[in-house]
Amino acid sequence: MKPAQATDPQAIPLEEQLVGVNAKTGLYPGARSWSGGRFRILGKGPLESYCYHVMSRTCGGEVLFDDVEKEALRRVIWRMAEFSGIKVVTYALMHNHFHLLAEVPHRDTWLQRFDGPHGEAKLFEHLRTLYSRAYLGLLRDELADLRSRGMTVVAAQRVAALKKRFCDLSLFVKEVKERFSRWFNKRRGRKGTLWMDRFKSVLVEGKGEPLRTMAAYIDLNPVRAGLVKDPKDYRWCGYAEALGGSRRAQRGLCKAQGKPVDGWKSAGAAAAYRCLLHAEGREVKDAQNEKVVRRGVTVESVRAVLAEKGKLSPAEMVRLRVRYFSDGVVLGSREFVEDIFATQRERFGPKRKHGARRMTESDSPFYTLRHLRLKPVE
């Protein structure tokens, strides 16, 4: 059974299909109470943050996502994470469910950024990640009106209601699923519930082997499902996004390995994680070594990756970037890119002095017209 496809998807640009995913919110969605639900362990204590493996499946597993829909869900997750103060360690978006490894910071510590005389201004700046300018203008007017009438307590409660949505795993997942569901139902012309239940979560120790193992388990899901032979080739997982040049995805996987946040290449996090994925994800055969009883990375691939100590060749790195190139990117030698930059100088700002940007994530001899970032367009 294949994921449903939009009518003639090749005729509709991806960004047009994703209209609504990046739209600013004009209304506060509120926080409805949950009915039912399962017992959930939440970290409460002195630690600065807690990590969770979150999983949620579509109703009966019967609703299948196509590539555009997985891309939409990816964008919603990252956007809501930025708004909520949640850090994405890694993820895997499958046809009928998703896995997410999320770090939830200590709420009181995180909220200190909005303290002091300029705290409310910083709060409004942060709200711009999710809300429209028009709505924030109305909110400012509402708070000013309440304070002018001496209703400072009500104004404080209004601000507190906004802050309550930060650093809360349940509200974060709830809003991700609700926002995606509205877009998905409109795209499919359907009504009703999309997700089978609330969500499942596992509290994971936020450092050491437990976190590394859980991250690898999530990124290996596409391999276990038989979708790809190597997790780097599945575009909707944190590992592939990190290889595509996404700094935020790289920072998440550095966290999983206890590496410095900027250590994807400098601290060897990229190579170490690739070795971990292949060591953890190798396929398992029966006692006769004939039938595969658990799908995974082939023994030959494991040996090759470990022999290379997890390093990808420049050609492989370029291929991974090419999968995510957007229009206007130039690739070639430094001289070639500089020549193109000179002929297109009017397209760049006055502060831009040089055109060629080296692909720093690998030892590649290639240069690009801009630093490559993940922006799927294929």
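Provided above is the structure to which this section pertains.
Report on the accompanying structure. Numbers given for residues are sequential positions, taken from 1 along each chain in its written order. Side-chain atom pairs in this predicted model are given and counted only at pLDDT of 80 or more, local residue features only at pLDDT of at least 70, and totals for whole chains, interfaces and linings cover all residues. The basis for every side-chain value is the complete set of non-hydrogen atoms in the structure, without hydrogens or water.

With that out of the way, let us pick up the overall build of the protein. Tallying secondary structure elements over the protein gives 15 helices and nine strands in all. Here's how the labels work: a residue is buried when its accessible area is under 20% of the maximum for its type, exposed when over 50%, partly exposed in between, all with a 1.4 Å probe on protein chains only. Looking at the protein residue by residue over its 378 residues, the buried ones come to 47%. We call two residues in contact when some of their heavy atoms are within 4.5 Å. A separation of at least 24 residues holds for 69% of the contacts in the protein among residues at least 6 apart in sequence. Each helix is a run of DSSP H or I of at least 4 residues and each strand a run of E of at least 2, with the numbering of both proceeding from the N terminus.

This part is about the packing of helix H8 (residues 208–219) against helix H12 (residues 269–280). The angle between two axes is taken between their N-to-C directions and runs from 0 to 180 degrees, where each axis is a line fitted to C-alpha atoms and a helix contributes only its stretch in contact. Running from N to C, H8 and H12 point in directions that differ by 70°, and their axes come no closer than 10 Å. With respect to H12, the element H8 is oriented roughly perpendicular. Each of Arg 212, Ala 215, Ala 216 and Asp 219 in H8 lies in contact with H12, whose residues at this interface are Tyr 273, Leu 276 and Leu 277. Relative orientations are named as follows: roughly parallel for angles under 35 degrees, roughly antiparallel for angles over 145 degrees, roughly perpendicular for angles from 65 to 115 degrees, and oblique for any other angle.

Let us look at the packing of aromatic side chains. Geometry of aromatic contacts follows a simple scheme: Phe, Tyr and Trp rings, the Trp one being its six-membered ring, pair when their centres are within 6.5 Å, and the pair is stacked under 30 degrees between planes, edge-to-face over 60, tilted otherwise. Taken as a whole and judged by the stated rule, the model has 16 aromatic pairs. Seen from their ring centres, Phe 65 and Phe 180 are 5.3 Å apart, and the 80° between their planes marks the pair as edge-to-face. Of this pair, Phe 65 sits in the loop between strand S1 (49–57) and helix H2 (67–84) while Phe 180 is found in helix H7 (residues 169–188), placing the two residues 115 residues apart along the sequence. Neither Phe 65 nor Phe 180 differs from the other in exposure class; each is buried. Summarising the aromatic geometry, the rings of Phe 180 and Trp 195 are spaced 6.2 Å apart at their centres and angled 50° between planes, so their arrangement reads as tilted. Taken together, the residues span a long stretch of sequence, with Phe 180 in helix H7 and Trp 195 in the loop between H7 and strand S4 (200–204) at a distance of 15 residues.

Next up on the list: the pattern of salt bridges. Salt bridges are counted wherever a side-chain nitrogen of Lys or Arg sits within 4 Å of a carboxyl oxygen of Asp or Glu. Per the stated rule, a full pass over the model turns up 18 salt bridges. The salt bridge involving Glu 71 is made with Arg 74; its shortest N-O contact spans 2.9 Å. Here Glu 71 and its partner Arg 74 are both found in helix H2, three residues apart, which amounts to about one turn of the helix. Judged by its relative accessible area of 6%, Arg 74 falls in the buried class.

The interhelical angle for the contact between helix H5 (residues 133–148) and helix H6 (residues 152–163), taken along N-to-C directions, is 150°, at an axis separation of 7 Å. Between H5 and H6, the angle is such that the two are roughly antiparallel. Crossing hand, H5 versus H6: left-handed. Every residue of H6 that contacts H5 at Tyr 135, Leu 139, Glu 142, Leu 143, Leu 146 and Arg 147 is listed here: Thr 152, Val 154, Ala 155, Arg 158, Val 159 and Leu 162. Amino acids outside the nonpolar list (Ala, Val, Leu, Ile, Met, Phe, Trp, Tyr, Cys, Pro) and the charged list (Asp, Glu, Lys, Arg) are all regarded as polar, and Gly is one of them. Each residue belonging to the contact of H5 with H6 can be placed in one class, and the counts come to eight nonpolar, one polar and three charged. Handedness of a helix crossing follows the sense of rotation of the near helix relative to the far helix, less than a right angle counterclockwise being left-handed and clockwise being right-handed.

In this section: the side chain of His 99. Tracing the sequence through the fold places His 99 in strand S3 (residues 97–105). Definition of a polar contact: a pair of N or O atoms within 3.5 Å, with one able to donate and the other able to accept a hydrogen when the atoms are protein atoms, and with sequence-neighbouring residues admitted only if both atoms are side-chain atoms. Within polar-contact distance, the side chain of His 99 engages the side chain of Asn 221 at 3.1 Å. When near neighbours in sequence (up to four residues on either side) are disregarded, His 99 contacts His 53, Val 54, Met 55, Tyr 91, Ala 92, Tyr 217, Ile 218 and Asn 221.

It is a general feature of regular strands that their side chains alternate between the two faces of the sheet. Counted residue by residue, strand S2 (residues 87–93) has six buried out of seven residues, so it is predominantly covered. Here the rule is simple: two strands pair whenever DSSP picks up at least two bridges between them. Sheet topology places S2 next to S3; six bridges connect them, and they run antiparallel. Looking across to S3, one finds that Ala 92 is bridged to His 99. From the end of S2 to the start of S3, which pair antiparallel, there are three residues.

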